[in-house]
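Residue-level listing of the chains:
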Amino acid sequence: MADRFPSSVLFCCDHNSVRSPIAEGLMKKLYGQRAYVQSAGVRNDREVDGFSVAVSLEEGVELDRHRARSFEEMVDWGDDLSGFDLIVALSPASQRQALELTRFAHIDVEYWPIMDPSGLGETREAKLAAYRQVRDQIKERLLARFGPPTER
């Protein structure tokens, strides 16, 4: 964890319905208000995934009110991407989009290869297991990158 703790972080993935909302919620839970945290997707064509809501709730993170949004909507709503210190891309498509949108700004973009669990598992339990694996992988990456959780 040689890097300083950023003051603002944007997590992104393909649809802002599975991986990036989980990452946003876990970051807020683990580190409180140490950083301004948001998430976005390359596209906004889905609502937050119910399995993401369920496995996040197991960690005390509520995602049921999360509203998916795209990079384009962030800009339309007045969010300035250049205001973020760090963008963490959780999919190849979101990494490409983040690099494209920040090519003239000094923003660090990190790529964390996190699998998309949305098509995995035949049964409810198998699907939940896949989503838990993704949640736990994201949590491990957060702890490795940002250090121990903030004391409350």
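Attention here is on the structure that accompanies the text. (Residues numbered from 1 in each chain as written. Predicted model: local features only at pLDDT ≥ 70, side-chain atom pairs only at ≥ 80, totals over all residues. Heavy atoms only, no water.)

Focus on the sheet that holds strand β3 (residues 86-89)
No. 1: Pairing within the open sheet is parallel, and its four strands lie in the order β2-β1-β3-β4. A strand with exactly one partner marks an edge of an open sheet, and here the two such strands are β2 (36-41) and β4 (108-111). On average, adjacent strands in this sheet sit at an angle of 20° to one another, irrespective of strand direction.
No. 2: The pairing of strand β1 (residues 8-13) with β2 spans six bridges and is classified as parallel. Bridge pairing links Val9 to Val37 in β2.
No. 3: Each of β1 and β2 is contacted by helix α1 (residues 19-31), which is oriented at about 175° to β2, the strand it contacts most. (Pairing = 2+ DSSP bridges. Helix = DSSP H or I, 4+ residues; strand = E, 2+ residues; numbered from the N terminus. Axes fitted to C-alpha atoms, helices over the stretch in contact; angles between N-to-C directions. Contact = heavy atoms within 4.5 Å.)

Section: the pattern of salt bridges
No. 1: Taken as a whole and judged by the stated rule, the model has 10 salt bridges.
No. 2: With a shortest N-O distance of 3.9 Å, Arg132 and Glu125 are connected by a salt bridge.
No. 3: Several salt bridges converge on common partners, so that one network encompasses Glu58, Glu59, Glu125, Arg132, Arg135, Asp136 and Lys139. (Salt bridge = Lys/Arg side-chain N within 4 Å of Asp/Glu carboxyl O.)

Things to note about the packing of aromatic side chains
No. 1: Applying the stated criterion across every chain, the model contains seven aromatic pairs.
No. 2: Relative to Phe146, the ring of Tyr31 lies with its centre 5.9 Å away and its plane at 70°, an arrangement referred to as edge-to-face. Of the two residues, Tyr31 is situated in helix α1 and Phe146 in helix α5 (residues 124-146); the sequence distance between them amounts to 115 residues.
No. 3: Here Tyr31 falls in the buried class, since its relative accessible area comes to 1%.
No. 4: For Phe146, a relative accessible area of 1% puts it in the buried group.
No. 5: Taken together, Phe5, Phe11, Tyr31, Trp112 and Phe146 form an aromatic cluster joined through their ring pairs. (Phe/Tyr/Trp six-rings, centres within 6.5 Å; stacked < 30°, edge-to-face > 60°. Buried < 20%, exposed > 50% of the residue type's maximum accessible area, 1.4 Å probe, protein only.)

A short note on the packing of helix α2 (residues 50-57) against α5
No. 1: Here α2 crosses α5 at 65°, and the two axes come no closer than 9 Å. Of the two possible hands of crossing, α2 and α5 adopt the one that is right-handed. In contact with Phe51, Ser52, Ala54 and Val55 of α2, α5 contributes Arg124, Lys127, Leu128, Tyr131, Arg132 and Arg135.
No. 2: When its residues are assigned to classes, the contact of α2 with α5 shows five nonpolar, one polar and four charged. (Left-handed = near helix turned anticlockwise from the far one by under 90°. Nonpolar A, V, L, I, M, F, W, Y, C, P; charged D, E, K, R; others polar.)

Concerning the pairing of β3
On any regular strand, side chains alternate: one points to one face of the sheet, the next to the other face.
No. 1: Residue alternation in β3 divides its side chains into two sets, Leu86 and Val88 and Ile87 and Ala89, and both sets are buried.
No. 2: For β1 and β3, the ladder comprises four bridges, and the chain directions are parallel. By the bridge assignment, Cys12 is partnered in β3 with Ala89.
No. 3: By the bridge criterion, four bridges tie β3 to β4 in an arrangement that is parallel. Bridge assignment links Val88 to a residue of β4, and that residue is Glu110.
No. 4: Note on the crossover from β3 through helix α4 (residues 92-101) to β4: the handedness is right-handed. (Right-handed = clockwise from strand over helix to strand, strands pointing away.)

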